[in-house]
Amino acid sequence: MKSDRPVLLIAESDTLTRTSMIAFLKAEGFRVLKALTGPEALESIEKGRPDLVLADLNMPEMNGMELLRTISERFVALPVIVVADTDSTGLALEALDAGAKGYLAKPIVDMGLLKHSVELVLSHTRLVSENQLYRKRFERLVEKRTADLWKKNIKLMKQLDEKRKKSAFGAASRCADDIENSVGVVADCLNILEQSYDAVARFMLRCSDMKQSEPEGGSTFEIFSEFRKLTEELCRKSDGQRVPDAFDKSRKSLLRISSMARSIK
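The rules we used
- Positions within a chain are numbered from 1, following the residues in the order the chain's sequence is written.
- In view of the model being predicted, local features appear only for residues whose pLDDT reaches at least 70, and side-chain atom pairs are presented and counted only at 80 or more, with totals across whole chains, interfaces and linings using the full set of residues.
- By convention in this description, side-chain values take in all heavy atoms of the structure and omit both hydrogens and water.
- Under the scheme used here, helices are H or I runs from DSSP no shorter than 4 residues and strands are E runs no shorter than 2 residues, and both carry numbers assigned from the N terminus.
- Burial classification: accessible surface area is computed with a 1.4 Å probe over protein chains only, and a residue below 20% of its type maximum counts as buried, one above 50% as exposed, and the rest as partly exposed.
- In this analysis, two residues are considered to be in contact whenever any of their non-hydrogen atoms come within 4.5 Å of each other.
- Note on areas: these come from Shrake-Rupley sampling with a 1.4 Å probe, and a residue is covered only by the protein chains present in the view.
- Side-chain atoms within 4.5 Å are what join buried Ala, Val, Leu, Ile, Met, Phe, Trp, Tyr and Cys residues into a set we call a nonpolar core.
- Between Lys or Arg on one side and Asp or Glu on the other, a salt bridge is scored when a side-chain nitrogen of the former is within 4 Å of a carboxyl oxygen of the latter.
- A strand pair is defined by DSSP finding two or more bridges across the two strands.
- Axis lines are fitted to C-alpha atoms, over the contacting stretch for helices. Their N-to-C directions set the angle, which ranges from 0 to 180 degrees.

K.L.:
Which parts of the structure should I look at to understand the overall build of the protein?
P.N.:
The helix and strand tally for the protein stands at seven helices and five strands. Sequence-ordered secondary structure for the protein, helices as α and strands as β, is β-α-β-α-β-α-β-α-β-α-α-α. Buried residues in the protein amount to 31% of all 265 residues. Of the contacts formed within the protein by residues at least 6 apart in sequence, a portion of 67% connects residues at least 24 apart. Taken as a whole, the protein presents about 18000 Å² of accessible surface, with 57% of it coming from carbon and sulfur.

Here it is as structure tokens:
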């Protein structure tokens, strides 16, 4: 189990500077690892997983700049404070541009400045890490909420579509009933016409019989009486406006069904 105390790596080739830094930082409650060269520093990072590296810019085998670039590539989140001689100010500025989080000049006279620099960089790193964590949590939350909203939206769209289809089919059913009723009216009227045709045929036959049976110049009262009765019967059975109304109602119903069919598509 990892301790709550921060782990520092001192990568310093100068023995006096390295010893004094390690002693002071341990006394301040930090856990401290040490390395004399760049390769040793990389090995310590792999094994010890430090929270912060203090790197000498003038180490042998691999100088501080090379170490800084390697750390930036392989251990992106690991902060580095460079330590340089006072006559290496230009190199220190270059290191800051390359990603170093701080700079200390040797010899380190004020150890309080060392502690302040370490705590400042650790605090900044912790804030960045927490911010990234919160951002990831927030992004996951937004993604989840967005997915939930899309699911609800799709469900609502399906419900609205089903409701619209049911409404359209219901209206179509009513139109079909109207057409069926209109067809019934037309059928009734056709039936009346058929009966009328039969009645007229009978009437014509009756007229022919009466004409043959009565003497020349005889009364035609019975013929006209029969014709009047037939006319009254047909008037009772038929309504002159029923057929046009039925056709008009059917036409309107068909137009409504056509409109609903296009909306369903």
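Next comes the rest of the description.
K.L.:
In this structure, what is going on with the nonpolar core? I would like to understand it.
P.N.:
Burial of nonpolar side chains together is a common tendency in soluble globular proteins. Within the largest apolar cluster, 23 residues are counted, with the highest numbers of intra-cluster contacts made by I45, V53, L67 and I71. For this core, the elements supplying multiple residues, two or more each, are β1 (7-11), α2 (38-48), β3 (52-56), α3 (64-74), β4 (80-85) and α4 (89-97). It is α3 that provides the largest number of residues to this core, a total of four residues. Those residues within four positions of I71 in sequence are excluded, and the remaining contacts are L42, I45, V53, V76, L78 and V80. Counting 19 residues, the second-largest nonpolar core is a separate cluster that includes L54, I81, L114 and L122.

K.L.:
Just to check I follow, could you spell out the pattern of salt bridges for this structure?
P.N.:
Note that side chains of opposite charge can pair when their charged atoms are close. For the structure on display, the rule yields nine salt bridges. With its nearest N and O atoms 3.4 Å apart, the salt bridge here joins K106 to D56. Separated by 50 residues along the polypeptide, K106 in strand β5 (residues 102-106) and D56 in strand β3 bring together distant segments of the chain. Of the two residues, K106 and D56, both sit in the buried class. Taking the shortest distance from any N to any O, the salt bridge between E94 and R69 comes out at 3.6 Å. With E94 in helix α4 and R69 in helix α3, the pair connects residues that are 25 residues apart, well separated along the chain. For R69, a relative accessible area of 41% gives the class partly exposed. Taken together, the salt bridges that share partners define one network made up of E12, D56 and K106.

K.L.:
Would you take a moment to explain the sheet that holds β1 for this structure?
P.N.:
Strand pairing in a sheet relies on backbone hydrogen bonds. The paired strands run either parallel or antiparallel. With respect to topology, five strands assemble into an open sheet ordered β2-β1-β3-β4-β5, the strand pairing being parallel. This sheet does not close on itself; its edge strands, each paired only once, are β2 (31-35) and β5. Averaged over all pairs of adjacent strands, the angle between their axes in this sheet comes to 20°, without regard to strand direction. Two strands pair when backbone bridges link them, and β3 and β4 are joined in this way by four bridges, in the parallel orientation. Paired with L54 across the bridge in β4 is I81. Seen against the sheet, helix α1 (residues 15-27) touches β1, β2, β3 and β5 and runs at an angle of roughly 165° to β2. Strand contacts of α2: β1, β2 and β3, with the helix running at about 145° to β2, the strand carrying the most contacts.

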